[in-house]
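Listed below, chain by chain, are the residues.
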Amino acid sequence: MPSLFDDVLKNSESLFINEIALDPNFIPPILEYRENQQKCIAETIKPLFMKRNGKNLIIHGAPGIGKTLAARYVLKELQEETDEIYTIYINCWKSPTAYKVVLELCELLEYKFTHNKTTEDLLKKVTSILNKKSVVICFDEVDKLDSTGIIYNLLEDIYRKTIILIVNDRSWLIKLDSRIRSRLATETLEFKQYNKDEMFGILKKRTEFAFTPNACSQEALNIISKKAFESGDVRIGIYLLKESGLIAESELSKKILEKHALTAIEKTDFTIKSPKNLKEEDSSLLEFIKKNPDLPSSKLHELYDSSISYRTFRRQLEKLEKAKLIELDLTSQGVHGKTTIVKFKQKKTLDRF
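This one's a predicted model, so the numbers in the text were calculated from it and none came from an experiment. (Residues numbered from 1 in each chain as written. Predicted model: local features only at pLDDT ≥ 70, side-chain atom pairs only at ≥ 80, totals over all residues. Heavy atoms only, no water.)

Enquirer: I keep staring at the overall build of the chain and nothing clicks. Help me out?
Expert: The helix and strand tally for the chain stands at 14 helices and 8 strands. Burial analysis of the chain (353 residues in total) assigns 46% to the buried set. Per element, the accessible surface of the chain, about 19100 Å² overall, is 50% carbon and sulfur. (Helix = DSSP H or I, 4+ residues; strand = E, 2+ residues; numbered from the N terminus. Buried < 20%, exposed > 50% of the residue type's maximum accessible area, 1.4 Å probe, protein only. Areas by Shrake-Rupley, 256 points an atom, 1.4 Å probe, with all protein chains shown as cover.)

This is the structure we're talking about:
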């Protein structure tokens, strides 16, 4: 006779067999539905195998549709194929300045003598190392670089290279310095949104990597897949799979059920906007706040752009607060009364998952 407690997890049990498979940086063994795009990326690199200069490529498309994953998948295969080509991946959200980019290059190339050296000094050293072989350099979120001069330097000084630029909005290329644009002579590759069946297939495959066999019910997967498809962002689906699994485990359930998926959706704030989807003026202000946090709103207005009225500036701040990207903290300043402190929100959003 079956026990009344067969469906309850024991202390030593877990629904997860590989939680890393639900990490945003996880590269699955098989990348489905992006085979054609991977071939296009590989084609730009192939001339390097013949000791010739590669082609340059700009990849564009909405967030969360596999641009980064496809590029990193190709770079991973390239690393496994040959030692004669350096493969460099740089996320410009994390390294938004030339100095940080060069430091990351030094780290990837295992060059440790960086102390008290200028960006120019380090760039010369990095270039001399890279020119011993061919190189593929991928700049992800390239629009977050505060200056594209570093791209110009690499284009000029590296002999045999393929440079891949990943960005959400193709119009970024139009704004690029004409000297860089002409030297890039870049090809473009657009990533389209996943359709409903593709979104379901991707998330189903992730459940096979992440959970014990049959741990995720069809009902739960359907709900999560539908939500991810509506958002157009596969990362939201992956996030919800992880949250649903954690909720199921907290209830000692041996299966991720429909109710766990619904709870995960209910507790997730889908009103959070991506900084990438803001209007240009709001995005610029957000970047300025990020670099100048915890200032009174009046001081921030003065430093940012005093040519616009404070009322207009305040409306911009309120829009960013409503999008949950900043916090406006009304505090007492003694004899000066109350003032508003503008705080950049470090909270992890679904977009950054």
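Enquirer: So what exactly am I meant to see when it comes to the sheet that holds strand E1 (residues 57-60) here?
Expert: Across a sheet, strands are paired by hydrogen bonds formed along the backbone, either parallel or antiparallel in direction. Pairing in this open sheet of 5 strands is parallel, and the strands run E2-E3-E4-E1-E5 from one edge to the other. Both outer strands of the open sheet, strand E2 (85-91) and strand E5 (187-190), are each paired with one neighbouring strand and no more. Looking at each pair of strands side by side, their axes are set apart by 15° on average, direction ignored. As paired strands, strand E3 (residues 134-140) and strand E4 (residues 161-167) are joined by 5 bridges and run parallel to one another. Bridge pairing in E4 links Val 135 to Lys 161. Along the sheet, helix H1 (residues 35-45) makes contact with E1, E3, E4 and E5, crossing E5 at roughly 165°. (Pairing = 2+ DSSP bridges. Axes fitted to C-alpha atoms, helices over the stretch in contact; angles between N-to-C directions. Contact = heavy atoms within 4.5 Å.)

Enquirer: I keep staring at the state of the cysteines and nothing clicks. Help me out?
Expert: Here the structure, examined in full by the defined rule, presents 0 disulfides. Free cysteine: Cys 138, not disulfide-bonded; nearest cysteine sulfur from Cys 92 at 8.7 Å. Owing to a relative accessible area of 0%, Cys 138 belongs among the buried residues under this scheme. (Disulfide = S-S within 2.5 Å.)

Enquirer: What is the right way to read the pattern of salt bridges from this model?
Expert: Pairing between side chains of opposite charge can happen when the charged atoms of each approach one another. Considering all chains together, one arrives at 18 salt bridges under this definition. Of the charged contacts in the structure, one is a salt bridge between Glu 120 and Lys 124, with a shortest N-O distance of 3.9 Å. One end of the pair, Glu 120, and the other, Lys 124, are both in helix H4 (residues 119-130), 4 residues apart, so they sit about a helical turn from each other. Note on Glu 120: relative accessible area 54%, which makes it exposed. By relative accessible area, which is 55% here, Lys 124 ends up exposed. In this structure, the salt-bridge partner of Lys 226 is Glu 230, at a minimum N-O distance of 2.7 Å. Taken together, the residues span about one helical turn, with Lys 226 and Glu 230 both in helix H9 (residues 218-231) at a distance of 4 residues. Several salt bridges converge on common partners, so that one network encompasses Lys 204, Lys 205 and Glu 208. (Salt bridge = Lys/Arg side-chain N within 4 Å of Asp/Glu carboxyl O.)

Enquirer: Explain the packing of aromatic side chains to me, please; I cannot follow it from the model alone.
Expert: The geometry of two aromatic rings is summed up by the distance between their centres and the angle between their planes. Within this structure, the stated rule accounts for 6 aromatic pairs. The interplanar angle of 55° and the centroid separation of 5.2 Å between the aromatic rings of Phe 288 and Tyr 304 together place this pair among those described as tilted. Here Tyr 304 lies in helix H13 (residues 297-305) and Phe 288 lies in helix H12 (residues 280-291), a separation of 16 residues in the sequence. Relative accessible area serves as the criterion here: at 22%, Phe 288 is assigned to the partly exposed category. With a centroid separation of 6.4 Å and 40° between ring planes, the pair formed by Tyr 310 and Phe 313 is classed as tilted. Of this pair, Tyr 310 and Phe 313 both sit in helix H14 (residues 310-322), 3 residues apart, roughly one helical turn. (Phe/Tyr/Trp six-rings, centres within 6.5 Å; stacked < 30°, edge-to-face > 60°.)

Enquirer: Just checking my understanding: could you explain the side chain of Asp 140 for this structure?
Expert: Here Asp 140 lies in strand E3. At 6.6 Å, Lys 67 is the nearest oppositely charged side chain to Asp 140, a buried residue that forms no salt bridge. A polar contact is formed between the side chain of Asp 140 and the side chain of Tyr 89, at a distance of 2.7 Å. Residues within four places of Asp 140 in sequence aside, it is in contact with Thr 68, Tyr 89, Ile 90, Asn 91, Cys 92 and Ile 166. (Lys, Arg positive; Asp, Glu negative; His and termini not counted. Polar contact = N/O pair within 3.5 Å; in protein donor to acceptor, adjacent residues only side chain to side chain.)

Enquirer: Would you mind showing me how to read the environment of Thr 44 here?
Expert: By the secondary structure assignment, Thr 44 is in helix H1. On a C-alpha basis, the gap between Thr 44 and Gly 54 in space is 5.8 Å, while along the polypeptide they are 10 residues apart. Once you skip the residues sitting within four places of it in the chain, Thr 44 turns out to touch Gly 54, Lys 55, Leu 57, Thr 162 and Glu 187.

Enquirer: I would appreciate a short explanation of helix H3 (residues 98-108) in the present structure.
Expert: Buried within H3 are the following residues: Val 101, Val 102, Leu 105 and Cys 106. Angularly, the buried residues of H3 cover 140° about the axis, an arc narrow enough to put them on a single face. The inward-facing, buried residues of H3 contact E2, H4, E3 and helix H5 (149-157). (Arc of directions from axis to C-beta.)

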